[in-house]
Amino acid sequence: MLLKLFQAGHPVLANKAQKVSPEKLRDPKTQQLIDLMIDTLRDYPGVGLAAPQVGEDLQIIVIEDKKEYHEKVPKKLLSEQGREPVDLAVLVNPVLEIVDMTEKFYFEGCLSVDGYRAVVPRASRVVVNALDRTGKPVTVDASGWYARILQHEVDHLNGTLYVGRMVANSFISESMYSKDWNKAGFSLIKERFLR
Ligand code: ZN
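What comes next is a walk through the structure.

### Here we look at the overall build of the protein chain
Item 1. Per the secondary structure count, the protein chain includes six helices and six strands.
Item 2. Along the protein chain, from the amino end to the carboxyl end, the secondary structure elements read α-α-β-β-α-β-β-β-α-β-α-α.
Item 3. Over its C-alpha trace the protein chain gives a radius of gyration of 16 Å, about what one expects of a compact globule, namely 16 Å for 195 residues.
Item 4. Sorting the 195 residues of the protein chain into buried and exposed places 48% on the buried side.
Item 5. Accessible surface computed for the protein chain: about 10,300 Å², of which carbon and sulfur atoms make up 51%.
Item 6. When the 26 positive and 26 negative side-chain charges of the protein chain are each reduced to one mean point, those points stand 3 Å apart.

Here is the structure:
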C-alpha cells in the first residue's frame, strides 16, 4: 500500500511536527507507518520523505538516494553537487546542526510541491542527531547532496517548505526543469538566477 502525499497548502505541512515518544515509536502502527513511508518514497521515487507529507504529525523522516537514481545525471554534476548514494536511513526526532554554513545553490523539488522546482540555498555540511526506528541514537555527519536532503526533510518537521527558502525568481515548472535545467551546474544557475 502507498500513502497519499499531501500537497502544499495543507496545514499539516505548515506546523511543527510532534516528537515521537519511545512508546509511540515501538507501537506497531508507527512501525507500519515507517514501512509505508519507505514504500511510498521508493515508488515515486524520491530521495526523502517526512511524515507530515503523508499527513502524520510526527518527527519521522526517511531518506534513500540509490545509485540507479544517478544514472541520468552527468558525472560532472554529481561530483559538483557532492552527490553520492545514500543507504536507507530512518531518522526519528532529528536535531540538525549546521557545521559548514557555506551556501550551495541547486535546484530542488518536493513531493508536496508537485510539478515545480526552484533553486534553494543550503548549507554545505550538517550533523544530525536522531533515533533510528528501533530507538537507538544515531549521528549522521553529511556534506554535499546528503546535507541538502537532510536540511529539506528536517525543514518539513518544522513546517517549512523549500518555497520558503528558494531564490524566488527561480521557481519553474517541472517540464521547463527537465527541458533546460536538469543538467545545469552552479555556473549556469548563477548566471541566470543569482544576479
Ligand atoms: Zn519535500
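Still to come is the rest of the account.
### Remarks on the packing of aromatic side chains
Item 1. Under the criterion given, the structure shown has seven aromatic pairs.
Item 2. Each ring, one from phenylalanine 107 and one from phenylalanine 193, has its centre 5.7 Å from the other, and the planes form 85°; the classification is edge-to-face. Taken as a pair, phenylalanine 107 in strand β3 (residues 86-108) and phenylalanine 193 in helix α6 (residues 186-193) lie far apart in primary sequence, 86 residues in all.
Item 3. By relative accessible area, which is 6% here, phenylalanine 107 ends up buried.

### Description of the layout of surface pockets
Item 1. Each pocket or cavity is described by its volume, and for the largest pocket that value is around 1,000 Å³.
Item 2. As for the largest pocket, its lining consists of 39 residues, and the residues nearest its centre are Pro45, Val47, Arg83, Arg117 and Tyr177.
Item 3. Those elements giving two or more residues to the lining of the largest pocket turn out to be α3 (75-81), β3, β4 (116-131), α4 (144-157) and α5 (174-181).
Item 4. Tallying contributions element by element places α4 first for the lining of the largest pocket, with five residues.
Item 5. Tallied by class, the residues present in the lining of the largest pocket amount to 19 nonpolar, nine polar and 11 charged.
Item 6. Its boundaries defined by the atoms lining it, the second largest pocket holds a volume of some 210 Å³.
Item 7. What lines the second largest pocket is simply Leu96, Ile98, Met101, Glu103, Pro121, Arg122, Ala123, Gln151, Val154, Asp155, Asn158 and Arg165.
Item 8. Every element with two or more residues in the lining of the second largest pocket is listed here: β3, β4 and α4.
Item 9. Broken down by element, the lining of the second largest pocket gets its largest block of residues, four residues, from β3.

### A few points about the coordination of the zinc ion
Six octahedrally arranged donors around a metal ideally form angles of 90 or 180 degrees; four tetrahedrally arranged donors ideally form angles of 109.5 degrees.
Item 1. Cys110 (SG), His152 (NE2) and His156 (NE2) make up the full set of protein donors to the zinc ion, lying at 2.0 to 2.2 Å.
Item 2. The motif formed by the donor residues of the zinc ion, counted along the single chain, is C-x41-H-x3-H. Of this pair, histidine 152 and histidine 156 both sit in helix α4, four residues apart, which is roughly one turn of that helix.

### Quick notes on α4
Item 1. The end-to-end C-alpha distance of α4, which contains 14 residues, comes to 21 Å, matching closely the 20 Å that a straight helix rising 1.5 Å per residue would cover.
Item 2. Along α4, 13 of the 14 residues are buried, which leaves the element largely enclosed by surrounding structure.
Item 3. Note on α4: the residue one or two positions beyond its end, glycine 159, has a positive phi of about 75°.

### Re the nonpolar core
Item 1. Counting residues in each nonpolar core, the largest one holds 33 residues, and the members touching the most others are Phe107, Tyr146, Leu150, Trp181 and Ile189.
Item 2. Elements with a minimum of two residues in this core: β2 (60-65), α3, β3, β4, β5 (137-143), α4, α5 and α6.
Item 3. Residue contributions to this core peak at seven residues, all from α4.
Item 4. Counting residues in hydrophobic clusters, the runner-up holds 18 residues, among them Leu49, Val54, Leu58 and Val92.

Analysis parameters
- Numbering of residues begins from 1 in every chain and follows the order in which that chain's sequence is written.
- Per-residue local features are limited, in this predicted model, to residues with pLDDT of at least 70; the limit for side-chain atom pairs, both in listing and counting, is 80 or more; totals at the level of whole chains, interfaces and linings are taken over all residues.
- Excluding hydrogens and water, the side-chain values take into account all heavy atoms of the structure.
- Only DSSP runs of H or I with at least four residues qualify as helices, and only runs of E with at least two residues qualify as strands; both kinds are numbered from the N terminus onward.
- Values of the radius of gyration come from C-alpha atoms, whereas the globule rule sets the reference at 2.2 Å times the count of residues to the power 0.38.
- Burial here depends on accessible area, computed with a 1.4 Å probe over protein chains only, as a share of the maximum for the residue type. Under 20% is buried, over 50% is exposed, and the range in between is partly exposed.
- Per-residue and other accessible areas were derived by the Shrake-Rupley procedure at a 1.4 Å probe size, with only the shown protein chains allowed to occlude residues.
- Positive charge is attributed to Lys and Arg, negative charge to Asp and Glu, and no charge count is given to His or to the chain ends.
- Here the site of a charge means NZ on Lys, CZ on Arg, CG on Asp, or CD on Glu.
- Paired rings are identified among Phe, Tyr and Trp, the last through its six-membered ring, by centres lying within 6.5 Å, and are further divided according to the angle between planes into stacked (under 30 degrees), edge-to-face (over 60) and tilted (the rest).
- For each structure, a 1 Å grid was placed over the protein atoms alone; sets of points admitting a 1.4 Å probe that cannot get out are labelled cavities, open sets with protein on both sides within 12 Å along at least five of seven lines are labelled pockets, and lining residues have an atom within 4 Å of a point.
- Grid points are joined across faces, edges and corners, and a volume is the space filled by probe spheres set on the points.
- Each residue is assigned to one of three groups, with Ala, Val, Leu, Ile, Met, Phe, Trp, Tyr, Cys and Pro labelled nonpolar, Asp, Glu, Lys and Arg labelled charged, and all others, Gly among them, labelled polar.
- The donor set covers N, O and S atoms within 2.8 Å of the metal, switching to 3.2 Å for Na, K and Ca, and it leaves out water, so a site may look short of donors.
- How far a helix is expected to stretch is found by multiplying one less than its residue total by 1.5 Å.
- For the purposes of this section, nonpolar cores are sets of buried Ala, Val, Leu, Ile, Met, Phe, Trp, Tyr and Cys residues that join through side-chain atoms within 4.5 Å.

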